[in-house]
Amino acid sequence: MPDAAYRERRFAAQDGLQLYFRDYGDPDSAATPVLCLGGLTRNARDFDALARRLAGERRVLCLDLRGRGRSDYDPDWRNYVPATYLNDIAHLLAVAGVHRVVVVGTSLGGVLAMAMGAAMPSALAGAVLNDIGPEIERGGLDPILSYVRVDRPQPDWESAVRTIRTLLPDLAFQDEAMFEAMARNTWREGGDGLLHFDWDVNIVRPALADGGATADLWPFFRGLRRVPLLAFRGAASTILSADCFARMAGERPDAGMVTVPRTGHAPTLGEPECIAALDAFLGRL
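Read on for a plain summary of the structure.

1. Some details on the state of the cysteines
Then step 1. Across all of its chains, the model carries zero disulfides by this definition.
Then step 2. We note that cysteine 36 lacks a disulfide partner, and the nearest cysteine sulfur, in cysteine 62, lies 4.1 Å from it.
Then step 3. Residue class for cysteine 36 comes out buried when judged on its relative accessible area of 0%.

2. Some details on unusual backbone geometry
Then step 1. The omega torsion of the bond from histidine 265 to alanine 266 falls at 5°, within 30 degrees of zero and hence cis.
Then step 2. Within the fold, alanine 266 resides in the loop between strand 10 (256-260) and helix 10 (272-284).
Then step 3. At aspartate 131, a position not held by glycine, the phi torsion is positive, near 55°.
Then step 4. With respect to the element layout, aspartate 131 can be found in the loop between strand 6 (124-130) and helix 4 (138-148).
Then step 5. For arginine 262, which is not glycine, the phi torsion reads 55° and is therefore positive.

3. Looking at the packing of aromatic side chains
Then step 1. A full pass over the atoms with the stated rule returns eight aromatic pairs.
Then step 2. For the ring pair tyrosine 147 and phenylalanine 197, a centre distance of 5.5 Å and an interplane angle of 75° mean the geometry is edge-to-face. Residue tyrosine 147 is located in helix 4, and its partner phenylalanine 197 is located in strand 8 (residues 195-197); the two are separated by 50 residues in the primary sequence. The burial state of tyrosine 147 is the same as that of phenylalanine 197; both residues are buried.
Then step 3. Between the aromatic rings of tryptophan 187 and phenylalanine 197, the centroid separation amounts to 5.2 Å while the plane-to-plane angle is 40°, which identifies the pairing as tilted. One end of the pair, tryptophan 187, is in strand 7 (residues 187-189); the other, phenylalanine 197, is in strand 8, with ten residues separating them in the sequence. In this pair, the class of tryptophan 187 matches that of phenylalanine 197, namely buried.
Then step 4. Pairwise contacts between aromatic rings join Tyr147, Trp187, Phe197 and Trp199 into one cluster.
Then step 5. The residue whose ring lies beneath arginine 165 is phenylalanine 179, and the NZ or CZ to ring-centre distance is 3.8 Å.
Then step 6. Its guanidinium or amino end placed over the ring of tryptophan 218, arginine 247 lies 4.0 Å from that ring's centre, counting from NZ or CZ.

Cut-offs applied
- Residues numbered from 1 in each chain as written.
- Predicted model: local features only at pLDDT ≥ 70, side-chain atom pairs only at ≥ 80, totals over all residues.
- Heavy atoms only, no water.
- Disulfide = S-S within 2.5 Å.
- Buried < 20%, exposed > 50% of the residue type's maximum accessible area, 1.4 Å probe, protein only.
- Helix = DSSP H or I, 4+ residues; strand = E, 2+ residues; numbered from the N terminus.
- Phe/Tyr/Trp six-rings, centres within 6.5 Å; stacked < 30°, edge-to-face > 60°.
- Lys NZ or Arg CZ within 6 Å of the ring centre and 35° of its normal.

Set out below in structure tokens:
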């Protein structure tokens, strides 16, 4: 049964691939819409609580990037790269009839937010970078790439939660219940009765083909110099170092910089510190 809180929508990307997004709130709201972009393997469901909270005042679009969630898997793994994702985002904005958005980007979604500042600057009304910055720590990235590249079927949700805790030992949440929520947003029920990863395991092949090399993202970060900016870092993050976060703050003294305690990669955005900072940031816009 459809959820009245959002509209489920699909659109065709530039190559005909069918992509899925959730459309929350009033399309005619005068407030600037929010576009939520998830991490490497994540999907629109991660942003459900945030979107429901914001939908009373503004429209919120939550996209499943190609190869994730309910969007189609790409038959050519070489398309799982930021240039393709940016093109998909441009199509989404056109389909939704939206010209400017505040992007809330977690991890990979934050990289895409920074890239939008260069590729489509007129569309970017503000950026929220969630546990991502211009430097990505290899020590935190390598376990993630290893974890997501092979499907790991689970017999039930309890087993799925245990697997997350085992494979990602540095993962931390303020609320222990978030482990189950993450598991339910990570696996989907398959026709064989088992739980399977809710993404195409080929999404990591471009990164593996490059030897896991990480790009220098400082030029993209600096490209946001005229864009209102809010950044979060999980205090226990293995992806965004405290040193990089401090350097970001030094280069953008006007930005909101919030370290979220008792949290790793990445904050859920439902933590009290995140809610307060997000509400203040969006209120100023």
